[in-house]
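# Chains, contacts and geometry: an overview
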Amino acid sequence: MKTKQITLGLASLIMVASLAFTSCRKKDKTTPVEPDTDQTTAKDNNLSESINSDIEAIGSQAAENNTGSSSSLSTYKTVESSELAGISAATITVVGKVITVDFGASTTGLDGRVRSGKIIYDYSASTSTTATRYRHPGFSLSVSTQSYVVDGNQVNIISKTITNTTPLSIPTGTNPGTNLTWAINANVSIIKGDGSGTISWTCNRTKELTNTSNPLCYKGQSLPIDWTKATVKINGSASGTNKSGESYSAIATNLIRDFNCPTGLRRHFIGGQIAYTPGSKPTRVIDYGDGITCDNNAILTVNGNTYAITLP
């Protein structure tokens, strides 16, 4: 099996050459089918996954540290190794049950991404009056954006909710015997900064704090989760259209993000797979690794051919 090197976003992902028939000859002849190597869908799906995972990360940290009143949260957002590494200079305010993360006209985060505009997190729909933090069972965030742009890509949230689905009976202390979990549902549109088109992306996902039993990460219901020590796992489905208007579906299986990875590294998935099907073309798989090695490498498999991918 031959492995080729491809950097996500430099080529297209699903190019299929049609069979060429010559009618002027007595015997029909066909040309070989070219390898299926178009990267359009892989690039656009990965961009959607990355942006939405980033939005959830920002919300999880902001909702763990809010004070429940109008204030500016600044004690944690400058820590490079935290889940908020990307928003070091953002202004975060809380008014009632609404948390606003404001990047202003332009903010370059410690992760190197340039953001502008606002993300708004509203937790007034939480099922319990005591569910005031991301870690609390029944806590629910409704997410929206105002002129939010990441690296030139405009992100418009049509709808997005993040709900804590951990059993209400979870013990209040450390090592509760079950992992904290959340349900994520989203409908998002992304206008590509290079002018090449618009991506639509919807998802129905679950998120699990896989090391809830680690007291250095989860310190019980009364204290914030230390996201610098966290490992999370994502599962579930997604669908949408790429910038060319081609529809696709995707299934995520045990995607791993480990925030213990070295400081300064963007929080890429380092484990698990996404199997996606663009239009009527064959299903292909992106494998992010063993869940242990901290890197930005992945392997794309298309029709038995494998390609090395560098995640942006």
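All values reported here derive from a predicted model rather than from experimental measurement.

### What about the packing of aromatic side chains?
Scanning the model with the defined rule gives 6 aromatic pairs in all. Centroid distance Tyr134 to Trp182: 4.7 Å. Interplanar angle 20°. Geometry classified as stacked. On the criterion of sequence distance, the pair formed by Tyr134 in the loop between strand S5 (114-122) and strand S6 (140-150) and Trp182 in strand S8 (residues 181-191) is long-range, its members being 48 residues apart. With a relative accessible area of 1%, Trp182 lands in the buried category. Aromatic side chains Tyr134 and Trp227 sit 5.9 Å apart centroid to centroid with 70° between the ring planes, which places their arrangement in the edge-to-face category. With Tyr134 in the loop between S5 and S6 and Trp227 in the loop between strand S9 (198-209) and strand S10 (231-241), the pair connects residues that are 93 residues apart, well separated along the chain.

### Describing the pairing of strand S3 (residues 98-102)
Pairing between strand S2 (residues 91-95) and S3: 5 bridges, direction antiparallel. For Ile92, the partnering residue across the bridge sits in S3 and is Val101. Connecting the antiparallel pair S2 and S3 is a turn made up of 2 residues, with Gly96 showing a positive phi of about 60°. When S3 meets S5, the two strands line up antiparallel, connected through 5 bridges.

### Observations regarding the pattern of salt bridges
One pass over the structure, following the stated rule, counts 9 salt bridges. The partner of Lys192 in a salt bridge is Asp44, and the shortest N-O contact between them spans 3.3 Å. Of this pair, Lys192 sits in the loop between S8 and S9 while Asp44 sits in helix H1 (residues 40-65), and the two are 148 residues apart along the sequence. Judged by relative accessible area, which is 7%, Lys192 ranks as buried.

### As for the state of the cysteines
In the structure shown here, the tally under the stated rule is 1 disulfide. Between Cys261 and Cys294 runs a disulfide, and the two sulfur atoms are separated by 2.1 Å. Taking the sign of the S-S torsion, about -80° here, the bridge from Cys261 to Cys294 comes out left-handed. One end of the pair, Cys261, is in the loop between strand S11 (247-258) and strand S12 (271-278); the other, Cys294, is in the loop between strand S13 (284-290) and strand S14 (297-302), with 33 residues separating them in the sequence. Judged by its relative accessible area of 5%, Cys261 is buried.

### Considering the pairing of S12
Relative to S12, S11 runs antiparallel, the two being bridged by 7 bridges. Bridging across to S12, Thr253 finds its partner in Gln273. With 5 bridges connecting them, S12 and S13 associate as antiparallel partners. Following the sheet pairing, Gln273 is matched in S13 by Asp287. Taking the residues that link successive antiparallel strands as the turn, the S12-S13 hairpin has 5 residues, and the phi of Gly279 there is positive, at about 55°.

### Observations concerning the confidence of the model for the protein
Residues of the protein with pLDDT of at least 70 account for 78%, and the chain-wide mean is 81. Segment residues 5-29: pLDDT under 50, and 67 contacts once partners within four positions in sequence are set aside and those in other chains are kept. Predicted confidence for residues 68-87 stays below pLDDT 50, and this span has 64 contacts to residues more than four positions away or in other chains.

### Remarks on the nonpolar core
Among the nonpolar cores identified, the biggest contains 61 residues, and Ile55, Tyr121, Leu141 and Leu209 are the most heavily contacted of them. Ranked by the residues each element gives to this core, the list is headed by H1, at 7 residues. Those residues in contact with Leu141 that sit more than four places away from it in its chain are Gly59, Ala63, Tyr121, Asp122, Tyr123, Tyr134, Lys160, Thr161 and Ile162.

### What to know about empty space enclosed by the protein
Empty space among the atoms becomes apparent when a probe as large as a water molecule is rolled across them. One pass over the structure, following the stated rule, counts 2 cavities of 30 Å³ or more. The computed volume of the second largest cavity comes to approximately 120 Å³. Mapped by element, the contributors of at least two residues to the lining of the second largest cavity are H1, S9 and S10. No other element matches the 5 residues that H1 contributes to the lining of the second largest cavity. Residues belonging to the lining of the second largest cavity are distributed by class as follows: 7 nonpolar, 2 polar and 6 charged.

### A look at the environment of Ile292
Position of Ile292 relative to the elements: it lies in the loop between S13 and S14. Separated by 34 residues in sequence, Ile292 and Asp258 have C-alpha atoms that sit 8.2 Å apart.

### Comments concerning the environment of Val98
Its place among the elements puts Val98 in strand S3. For the pair Val98 and Tyr121, spaced 23 residues apart in the sequence, the C-alpha separation amounts to 5.7 Å. Once you skip the residues sitting within four places of it in the chain, Val98 turns out to touch Thr93, Ile120, Tyr121 and Asp122.

Parameters at a glance
Residues numbered from 1 in each chain as written. Predicted model: local features only at pLDDT ≥ 70, side-chain atom pairs only at ≥ 80, totals over all residues. Heavy atoms only, no water. Phe/Tyr/Trp six-rings, centres within 6.5 Å; stacked < 30°, edge-to-face > 60°. Helix = DSSP H or I, 4+ residues; strand = E, 2+ residues; numbered from the N terminus. Buried < 20%, exposed > 50% of the residue type's maximum accessible area, 1.4 Å probe, protein only. Pairing = 2+ DSSP bridges. Salt bridge = Lys/Arg side-chain N within 4 Å of Asp/Glu carboxyl O. Disulfide = S-S within 2.5 Å. pLDDT = per-residue confidence, 0-100. Contact = heavy atoms within 4.5 Å. Core = buried A, V, L, I, M, F, W, Y, C linked by side-chain atoms within 4.5 Å. 1 Å grid on protein atoms, 1.4 Å probe; cavity = no way out; pocket = protein on both sides within 12 Å on 5 of 7 lines; lining within 4 Å. Points joined across faces, edges and corners; volume = space filled by probe spheres on them. Nonpolar A, V, L, I, M, F, W, Y, C, P; charged D, E, K, R; others polar.

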